[in-house]
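Observations on the three-dimensional arrangement
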Amino acid sequence: MIYPRKCPGCGDVISPEMLVCGRCSDSFRPVRGPHCFKCGRQLEDETGEYCDECTGKGHHYSVGFSALMYDGATRKAMSDLKFGGLAENADFFAAKAYELCSERVRAFAPDIMVPVPIHPSKMRKRGYNQAQLITDRLSVILGIGAVNDLLLRTKKTRAQKLLDAGSRTDNLRDAFTCDLSRYSHDLISGRFRKVLLVDDIYTTGATMECCTNALLEAGVSTVGILSAAMGCTY
Ligand SMILES: [Zn+2]
Ligand SMILES: [Zn+2]
């Protein structure tokens, strides 16, 4: 059975070639340039190179891209994807990521894309990993392979949104690892040299940073990150 496509903003049925209805399209606000050289956030101060969040942080990933501001309609559509079972919203987020980030992603030229994993217990409960759905769809449109079983989430962590920045990093310590029984260090350092790590929402970057470190330890040389939505911290 084929379900009709619904607008991720209001839920109205829309025609299959549309992503969003005409009334809602403006409520999904893109992350505009100038972008922070590190995380891809929209810079408040147009003369700066880095956002406040990245200044003095030394994230180990090389560069970041993000499609939409995490507010209004985006926040609702993301919550529907993560907690309301609306897996189809991943199509919308992948299409927006393509529209708004594909040029920069192609310039970065990753060998593979890797989604930020969720813990197996959460996977069982939700039935899918939203970051993986976005990655899989984006992988098809971009023509860049996705590897979904390289990075594993080995520790159940508390919800990051409840914690301050310092506790976020502590909470995530050793939460991610690469599956070296499946992919050898030699294979990773040979074929997965440049990885585009994909997540649903970027806030302080703590999750992306921990995943990046796990990838670098396993033999990846360069990590770029892409998030469907960028949290506002100011
Ligand atoms: Zn709508
Ligand atoms: Zn930044």
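Preceding block: the structure.
Below, the structure is looked at part by part. (Residues numbered from 1 in each chain as written. Chains lettered and ligands numbered in written order. Predicted model: local features only at pLDDT ≥ 70, side-chain atom pairs only at ≥ 80, totals over all residues.)

Topic: the packing of helix H1 (residues 72-83) against helix H2 (residues 89-108)
Short version of the rule: With axes taken as lines fitted to C-alpha atoms, and helix axes fitted only over the stretch in contact, angles between N-to-C directions fall between 0 and 180 degrees. Secondary structure elements are defined from DSSP: runs of H or I of at least 4 residues count as helices, runs of E of at least 2 residues count as strands, and each element is numbered from the N terminus. With respect to orientation, any angle under 35 degrees is reported as roughly parallel, any angle over 145 as roughly antiparallel, any angle of 65 to 115 as roughly perpendicular, and every other angle as oblique. If you view the pair so one helix is near and one far, a crossing is left-handed when the near helix is turned anticlockwise from the far one by less than a right angle, and right-handed when it is turned clockwise. For the purpose of contact definition, each residue receives a C-beta atom placed from its backbone, and two residues are in contact when these atoms lie within 7 Å. Charged residues are taken to be Asp, Glu, Lys and Arg, nonpolar residues to be Ala, Val, Leu, Ile, Met, Phe, Trp, Tyr, Cys and Pro, and polar residues to be all remaining types, Gly included.
One way to put it is that H1 packs onto H2 with a least axis distance of 9 Å and a crossing angle of 130°. Overall, the two elements H1 and H2 adopt an arrangement that is oblique. Once H1 is placed against H2, the crossing between them reads as left-handed. Residues Ala 77, Asp 80 and Leu 81 of H1 lie in contact with H2, whose contacting residues are Asn 89, Ala 90 and Phe 92. When grouped by side-chain class, the residues that make up the contact of H1 with H2 number four nonpolar, one polar and one charged.

Here's the deal with the pairing of strand S2 (residues 112-115)
What counts is decided by this rule: Using C-beta atoms placed from the backbone, we call a residue buried if 20 or more other C-beta atoms fall within 10 Å of its own, exposed if 12 or fewer do, and partly exposed for counts in between. In this description, strands pair whenever DSSP reports at least two bridges between them.
Neither face of S2 is exposed, since Ile 112 and Val 114 on one face and Met 113 and Pro 115 on the opposite face are all buried. Pairing of S2 with strand S5 (residues 194-202), which is carried by four bridges, proceeds in the parallel orientation. Bridge pairing links Ile 112 to Val 195 in S5.

Some remarks on the environment of Leu 215
By secondary structure assignment, the location of Leu 215 is in helix H7 (residues 206-217). Residue Leu 215 is classed as buried on the basis of its 25 C-beta neighbours within 10 Å.

A few points about H7
Short version of the rule: Expected span of a helix, by definition, is 1.5 Å for each gap between consecutive residues, and there is one gap fewer than residues.
Look at H7: 17 Å from first C-alpha to last across twelve residues, which is about the 16 Å you get at 1.5 Å a residue. Inspection of H7 places Ala 206, Thr 207, Met 208, Glu 209, Cys 210, Cys 211, Thr 212, Ala 214 and Leu 215 among the buried residues, and these make up the whole buried set. Buried residues along H7 sit against strand S3 (151-153), helix H5 (165-172), strand S4 (176-178), S5 and strand S6 (222-230). Gly 219 lies just past H7 and shows a positive phi near 120°.

Quick word on unusual backbone geometry
In this structure, Pro 34 follows Gly 33 across a cis peptide bond, with omega equal to -5°. Along the polypeptide, Pro 34 turns up in the segment before strand S1 (63-69). Positioned with a positive phi, Ala 109 is a non-glycine residue whose angle comes to about 55°. Among the secondary structure elements, Ala 109 is positioned in the loop between H2 and S2. Here Ala 109 falls in the exposed class, since 11 other C-beta atoms lie within 10 Å of it.

Quick word on the sheet that holds S2
In sheet architecture, strand pairing relies on hydrogen bonds along the backbone and comes in two forms, parallel and antiparallel. If you trace the four strands from one edge of the open sheet to the other, you get S1-S6-S5-S2, paired in parallel fashion. Looking at the sheet topology across the chains shown, the edges are occupied by S1 and S2. Looking at each pair of strands side by side, their axes are set apart by 20° on average, direction ignored. Here S1 pairs with S6 via six bridges, running parallel. Across the sheet, the residue bridging to Leu 68 is Ala 229, located in S6.

A closer look at the environment of Cys 232
Along the chain, Cys 232 falls in the segment after S6. Measuring from C-alpha to C-alpha, the distance between Cys 232 and Ser 62 comes to 21 Å, with 170 residues separating the pair along the chain. When neighbours within four sequence positions are excluded, Cys 232 is seen to be in contact with Met 69, Tyr 70 and Asp 71.

A look at the environment of Val 13
Residue position: Val 13 is located in the segment before S1. Separated by ten residues in the primary sequence, Val 13 and Tyr 3 have C-alpha atoms spaced 9.8 Å apart. Discounting chain neighbours no more than four positions away, the residues touching Val 13 are Pro 4 and Lys 6.

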